[in-house]
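As a plain string of letters, each chain reads:
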Amino acid sequence: MDEHTSSDARSRRPAPLPARVAVPARIAVLAMSVAVAALLLTACEAPGGTVTDDRGPVPAPPGPSPYGVVFLGPGDCSSRGPVIREVFCRSEKAAATVLARHLGTPSSGPPCPDATDFVLHVSETGTGARSRLTTGYACMRNLEPPHPGDPGQGGGPLTVVGDCVTASRAGEVTETACEDAGGRAPRYRVESAVQRRAQCPDDTDLFVALRGERAVGCARRSTGW
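Residues numbered from 1 in each chain as written. Predicted model: local features only at pLDDT ≥ 70, side-chain atom pairs only at ≥ 80, totals over all residues. Heavy atoms only, no water.

A. Seen up close, the nonpolar core. Within the largest apolar cluster, nine residues are counted, these being F71, L72, A96, V98, F118, L120, V122, A138 and M140. Counting residues per element, the ones that place at least two in this core are β3 (96–103), β4 (118–123) and β5 (135–142). In terms of residue count, the dominant contributor to this core is β4 (three residues). Grouped together as the second largest cluster of nonpolar side chains are eight residues, V165, Y188, A193 and A219 included. (Core = buried A, V, L, I, M, F, W, Y, C linked by side-chain atoms within 4.5 Å. Buried < 20%, exposed > 50% of the residue type's maximum accessible area, 1.4 Å probe, protein only. Helix = DSSP H or I, 4+ residues; strand = E, 2+ residues; numbered from the N terminus.)

Here it is in C-alpha cells:
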C-alpha cells in the first residue's frame with residue numbers, strides 16, 4: 001500500500017515546462033529591440049526620406065586675415081607718414097614692402113637684407129595684437145625709387161659692398177653717395193667683404209665694420225670716380 005501511495009503521489013507531480021516555452025520570450029525581446037531601432041531611425045528621418053543631423057552644420061574655418069597673421073610680416077606693405085599703417089600692396093597708399101621681420105632690435109637681432117632702404121621699429125600691443133611679434137623691427141624697401149639702400153646711394157641702414165664712406169679721426173665712418181662731389185673728403189669705397197682683416201687685399205686703405213658673416217669691409221680711397 002505504501003508503495004502504491006508513493007507511486008500515485010509521483011504521478012500527481014506537475015511535469016516541468018518544456019524548454020521551448022522560453023523561446024517566445026526571447027523572440028519578444030528581439031522584436032522589441034527591432035521596434036525601438038526602427039523608432040529611432042524614424043526620428044532621424046525628415047519628411048521625404050532625407051537624414052538630418054541635429055548637431056548642426058560644421059562651421060567653415062576662418063579665412064586668412066587681409067594682411068596676414070603677423071603685423072607687417074614679410075611681403076606686406078606699409079603706408080608713409082607720421083603713423084605707419086599696414087595697407088594692401090595694391091593700394092595707392094602703399095609706399096614700401098617688408099623684406100624681413102625680426103624680434104628684438106636691429107643692433108641685437110638678425111641683419112636686414114642688403115636691399116633694405118629703411119628699418120621700422122614695430123610695437124604691437126593690446127588686445128588687438130594679432131601675433132606674438134609684439135616688439136621687433138621690419139626691414140623695408142620702397143616700392144618705387146629712390147632706393148637709398150642700394151650700393152653707392154649714400155643711405156640705408158646698412159653699409160654694403162659698393163657703398164662709399166667718409167672717415168673721421170675718431171675712427172668712425174659715415175656713408176655717403178659715391179657720386180657726391182661735396183667737400184667730404186677723403187672718401188672710400190667698400191670693394192669687398194671678408195671674415196677677417198687679413199683676407200682683405202694688400203691695397204686696402206680702410207677697414208669698415210659690416211653686419212653678417214663677412215663682417216669686415218675692405219675699402220679703398222676714392223680716386224675721383
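We are not done yet, so read on.
B. Focus on the environment of R189. Within the secondary structure layout, R189 lies in strand β8 (residues 187–194). For R189 and V165, which are 24 residues apart along the polypeptide, the C-alpha to C-alpha distance reads 6.4 Å.

C. A look at the sheet that holds β8. A sheet is described by the order of its strands in space; here five strands give the open sequence β7-β6-β8-β10-β9, paired in antiparallel fashion. Only two strands of the sheet have a single neighbouring strand rather than two, namely β7 (173–176) and β9 (206–209). Averaged over all neighbouring strand pairs, the angle between strand axes comes to 45°, with direction disregarded. Two strands pair when backbone bridges link them, and strand β6 (residues 164–167) and β7 are joined in this way by four bridges, in the antiparallel orientation. (Pairing = 2+ DSSP bridges. Axes fitted to C-alpha atoms, helices over the stretch in contact; angles between N-to-C directions.)

D. Representation of the pairing of strand β10 (residues 216–221). As defined by bridge partners, β8 adjoins β10 across six bridges and the pair is classed as antiparallel. Considered in β10, the bridge of V190 is made with A219. Note that β9 and β10 share four bridges and pair antiparallel. Each residue of the ladder has a partner; that of L206, found in β10, is A219. Here β9 folds back onto β10, and the loop between the two strands holds six residues, one of which, G212, carries a positive phi near 100°.

E. The arrangement of the layout of surface pockets in detail. If you add up the space inside the largest pocket, you get close to 400 Å³. Around the largest pocket, the lining is made up of 20 residues, and of these L158, T159, A209, L210 and R211 lie nearest the centre. Those elements that place two or more of their residues in the lining of the largest pocket are β7 and β9. Within the lining of the largest pocket, the residues separate by chemical class into twelve nonpolar, three polar and five charged. (1 Å grid on protein atoms, 1.4 Å probe; cavity = no way out; pocket = protein on both sides within 12 Å on 5 of 7 lines; lining within 4 Å. Points joined across faces, edges and corners; volume = space filled by probe spheres on them. Nonpolar A, V, L, I, M, F, W, Y, C, P; charged D, E, K, R; others polar.)

F. Quick look at the sheet that holds strand β2 (residues 86–87). As summarised here, the arrangement of the five strands in space is β2-β1-β3-β5-β4, forming an open sheet in which the pairing is antiparallel. Sheet topology places β2 and β4 at the edges, where each strand pairs with a single neighbour. Relative to β3, strand β1 (residues 77–78) is paired through two bridges, and the arrangement is antiparallel. Considered in β3, the bridge of C77 is made with T97.

G. A look at the pairing of β6. The hairpin turn running from β6 into β7, its antiparallel successor, is five residues long, and G171 in that turn takes a positive phi close to 85°. Summarising the sheet, β6 and β8 pair through three bridges and their orientation is antiparallel. By the bridge assignment for β8, V165 is matched with Y188.

H. Representation of the side chain of E175. Among the secondary structure elements, E175 is positioned in strand β7. Note on E175: relative accessible area 15%, which makes it buried. A polar contact is formed between the side chain of E175 and the backbone nitrogen of G155, at a distance of 3.3 Å. (Polar contact = N/O pair within 3.5 Å; in protein donor to acceptor, adjacent residues only side chain to side chain.)

I. A look at the state of the cysteines. Considering all chains together, one arrives at four disulfides under this definition. Between the sulfur atoms of C164 and its disulfide mate C178 the distance is 2.0 Å. Its S-S torsion of approximately 105° makes the covalent link between C164 and C178 right-handed. With C164 in strand β6 and C178 in the loop between β7 and β8, the pair connects residues that are 14 residues apart, well separated along the chain. In this structure C164 comes out as buried when scored by relative accessible area, which is 0%. A sulfur-sulfur distance of 1.9 Å marks the disulfide that ties C200 to C218. As the torsion about the S-S bond is roughly -80°, the C200-C218 disulfide counts as left-handed. (Disulfide = S-S within 2.5 Å.)

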